[in-house]
Amino acid sequence: MTESYSTLRVNADRMLASFIHLASIGATGDGGVSRVTFSEAHLAARKWFRAEIESAGLEFRMDGAGNHSALLSCGPADAPTLLLGSHLDSVPNGGRFDGALGVVAALEVLKTIKENRIRLKLNLEAIDFTDEEGTLVGLLGSAALAGRLDPEALKNPRGGRQNLVEGMKRAGLSEEGMLKATRPKNSLAGYLELHIEQGKRSERAGIDIGIVSVIVGIRSYRLSFIGRADHAGSTLMEDRLDAGQGASAFTLAAREIVMRDFPNCVVNVGKMEFSPGAFNIVPALVDVSLEFRAAGEEEFTRLDSTLMKCAEQEARRFGLELKIEFLGTHSPSLMSVNVQNVFADVCNGLGLTNTSLVSGAGHDGQSLAGICPIGMIFVPSVDGASHAPREFTKWEDCVNGANVFLQAALQLAT
Ligand code: GLV
Ligand code: MN
Ligand code: MN
């Protein structure tokens, strides 16, 4: 740990006040928040973030992808930047910690370093990335910053093209601007993120800090099971081409396949849209929103082909046509070994127990993997709950995480 700064700590009361204020923006009334990308609540949270940055005397910047940043020039003018961040968007009816904690902690780290007038070898930036959650594209802002935003992803976003276009308009952003938000690789010294675990492992083991080793790969598809609309009363069961049966059979089979043959992977059907969608019409079409995740490349590829084969098989079984639409992928991402070691060193110095964890959730670090060293830490999620209003992390754990974050940033930037 950096000798001269090893006793430095974040201002926990100030960070809590920011966190509480942020949780009130888009609050759902049951402890959660709904701040889907470019919604009024999301834009209000970003406006609040900007005001916080400016009132702390930090420099504010927004790039072409809408990423909001606080800049602290604590290093030489030509020094690269160490990014600290997360996201202010949420899933619909999400929790108040996911993303928000990381942004509030990143800002608090900058405030702490600024008020202590610390000079470092790197400049620091606290960043709120656009659309981490993928209600529109997923990891949109970080992919743009990393120069990895595929123009195709904007043409056919998983959240729907119209929602993207309308949202960008509300936020005053354009496709051209998004595609030009790339930062030069040599300007980035690294990316660090503090996040809630969103699982039960550290809580169960009674461990203070999880140090992420890898973030799983995530891929999504829209599968359309196409049958034929018929009268639901007068058509014999054996005469139906029922798209609902194929989609449902696939959903159940996918779960079985993953549990039996891919015990370290997960699959999710998060949405099924039935058309025409009436009590008395046999479903002619079901659009299935499919997502699956794996930590290793080989397993990821094998899981993909197994699930696609399964969809084809179930469609055939019910006499249906199948349309497969690829919606995007993020490869499994390894965290920097050096950064993991720094985190472990800092935890040990602070007397915090720590363990290495795989992240089953996606994070913006995936966009930056291979471009600069990345590292993430997790703080325990009570009961593992996340993407739901009951998401909760004890404030003491949040503060521990923020102090590890502060000390690791100091160590990496010194
Ligand atoms: C983001 O939280 C994701 O993993 O989908
Ligand atoms: Mn998150
Ligand atoms: Mn999330």
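Each value, and the rule that gives it
- Residues numbered from 1 in each chain as written.
- Chains lettered and ligands numbered in written order.
- Predicted model: local features only at pLDDT ≥ 70, side-chain atom pairs only at ≥ 80, totals over all residues.
- Heavy atoms only, no water.
- Donors = N, O, S within 2.8 Å, 3.2 Å for Na, K, Ca; no water.
- Helix = DSSP H or I, 4+ residues; strand = E, 2+ residues; numbered from the N terminus.
- Buried < 20%, exposed > 50% of the residue type's maximum accessible area, 1.4 Å probe, protein only.
- Phe/Tyr/Trp six-rings, centres within 6.5 Å; stacked < 30°, edge-to-face > 60°.
- Lys NZ or Arg CZ within 6 Å of the ring centre and 35° of its normal.
- Salt bridge = Lys/Arg side-chain N within 4 Å of Asp/Glu carboxyl O.
- Expected span 1.5 Å × (residues − 1).
- Arc of directions from axis to C-beta.
- Contact = heavy atoms within 4.5 Å.
- Pairing = 2+ DSSP bridges.
- Near = heavy atom within 4 Å.
- Polar contact = N/O pair within 3.5 Å; in protein donor to acceptor, adjacent residues only side chain to side chain.
- Areas by Shrake-Rupley, 256 points an atom, 1.4 Å probe, with all protein chains shown as cover.
- Nonpolar A, V, L, I, M, F, W, Y, C, P; charged D, E, K, R; others polar.

Some words on the coordination of the manganese ion (ligand 3)
Those donors, D98 (OD), E133 (OE), E133 (OE) and H387 (NE2), are the protein atoms that reach the manganese ion (ligand 3), and they lie 2.1 to 2.5 Å from it. If you list the donors of the manganese ion (ligand 3) from N- to C-terminus, the spacing comes out as D-x34-E-x253-H. Separating the manganese ion (ligand 3) from the manganese ion (ligand 2) is a gap of 3.5 Å, which D98 spans by donating to each of them. Placement of the pair is D98 in the loop between β3 (81–87) and α3 (100–115) and E133 in the loop between β4 (123–129) and α4 (140–145), with a sequence separation of 35 residues. The exposure class of D98 is buried, given its relative accessible area of 5%. Note on E133: relative accessible area 11%, which makes it buried.

Remarks on the packing of aromatic side chains
Centre-to-centre distance and the angle between the planes together describe a pair of aromatic rings. Here the structure, examined in full by the defined rule, presents 8 aromatic pairs. An angle of 40° between the planes, with centres 4.8 Å apart, marks the rings of F19 and F97 as tilted. Here the residue F19 occupies a position in helix α1 (residues 12–23), and F97 occupies one in the loop between β3 and α3, the gap between them amounting to 78 residues. A relative accessible area of 2% means that F97 is categorised as buried. A centroid spacing of 5.6 Å and a plane angle of 65° characterise the contact between F129 and Y191, whose relative ring orientation is edge-to-face. Of this pair, F129 sits in strand β4 while Y191 sits in strand β5 (residues 188–196), and the two are 62 residues apart along the sequence. With respect to burial, F129 and Y191 carry one shared label: buried. Grouped by ring-pair contacts, the aromatic residues F19, F97, F392 and W395 constitute a single cluster. Across from the ring centre of F300, 4.2 Å away, lies the NZ or CZ of R219, which sits over that ring.

Things to note about the pattern of salt bridges
Summed over the entire model, instances satisfying the criterion amount to 19 salt bridges. Linking R14 and E108 is a salt bridge whose minimum nitrogen-to-oxygen distance equals 2.8 Å. One end of the pair, R14, is in helix α1; the other, E108, is in helix α3, with 94 residues separating them in the sequence. When its relative accessible area of 2% is taken as the criterion, E108 is described as buried. With a closest N to O distance of 4.0 Å, K200 and D383 form a salt bridge. Placement of the pair is K200 in the loop between β5 and α8 (201–205) and D383 in the loop between β13 (374–379) and α13 (395–413), with a sequence separation of 183 residues. A relative accessible area of 45% places D383 in the partly exposed class.

Digging into α1
Over its 12 residues, α1 runs 16 Å from end to end, which matches the ideal 16 Å to within 8%, given 1.5 Å per residue. Within α1 the residues assigned to the buried category are M15, S18, F19, L22 and A23. Buried residues in α1, looked at end-on, bunch into an arc of 130°, giving them a common side. Against α2 (40–55), α3 and α13 lie the buried residues of α1.

Some details on the pairing of strand β6 (residues 209–215)
Counting buried positions along β6 yields 7 of 7 residues, so the element is predominantly enclosed. Note: β6 against strand β12 (residues 354–359), 6 bridges, orientation parallel. Bridge pairing links I211 to S356 in β12. Where β6 and β13 come together, 2 bridges link them in antiparallel fashion. What sits directly across from I211, in β13, is I377. One ladder, built from 2 bridges, connects β6 with strand β11 (residues 333–334); its direction is antiparallel. Bridged to V214 within β11 is L334.

Let's talk about the coordination of the manganese ion (ligand 2)
Coordination sphere of the manganese ion (ligand 2), protein contribution only: H87 (NE2), D98 (OD) and H195 (NE2), at 2.0 to 2.2 Å. Here the donor residues of the manganese ion (ligand 2) share one chain and are spaced in sequence as H-x10-D-x96-H. On the basis of relative accessibility, which here comes to 1%, the residue H195 falls in the buried class.

Topic: the environment of E256
Tracing the sequence through the fold places E256 in helix α9 (residues 243–261). Among the residues examined, E256 registers a relative accessible area of 54% and is labelled exposed. Each C-alpha atom, one on E256 and one on A27, is 37 Å from the other, the two residues being 229 residues apart in sequence.

Details of the environment of V382
Within the secondary structure, V382 sits in the loop between β13 and α13. As for V382 and E197, which are separated by 185 residues in sequence, their C-alpha atoms are 9.3 Å apart. Apart from the residues within four sequence positions on either side, V382 is in contact with E203 and F392.

Concerning the environment of E312
Tracing the backbone shows E312 in helix α10 (residues 297–317). A C-alpha to C-alpha distance of 39 Å links E312 and G32, two positions 280 residues apart in sequence. Ignoring any residue separated from it by four or fewer positions in sequence, one finds E312 in contact with L322 and I324.

Considering the site of ligand 1
Residues in close proximity to ligand 1 include E132, E133, R293, A361, G362 and H387, which together make up its full environment. Contact distances for ligand 1 include 3.1 Å between an oxygen atom and a side-chain N or O atom of H387. Relative to its unbound accessible area of 200 Å², ligand 1 is 92% covered by the protein chains. Classifying every residue of the shell around ligand 1 gives 1 nonpolar, 2 polar and 3 charged.

Everything listed here is a matter of geometry and, on its own, says nothing about what the molecule does.
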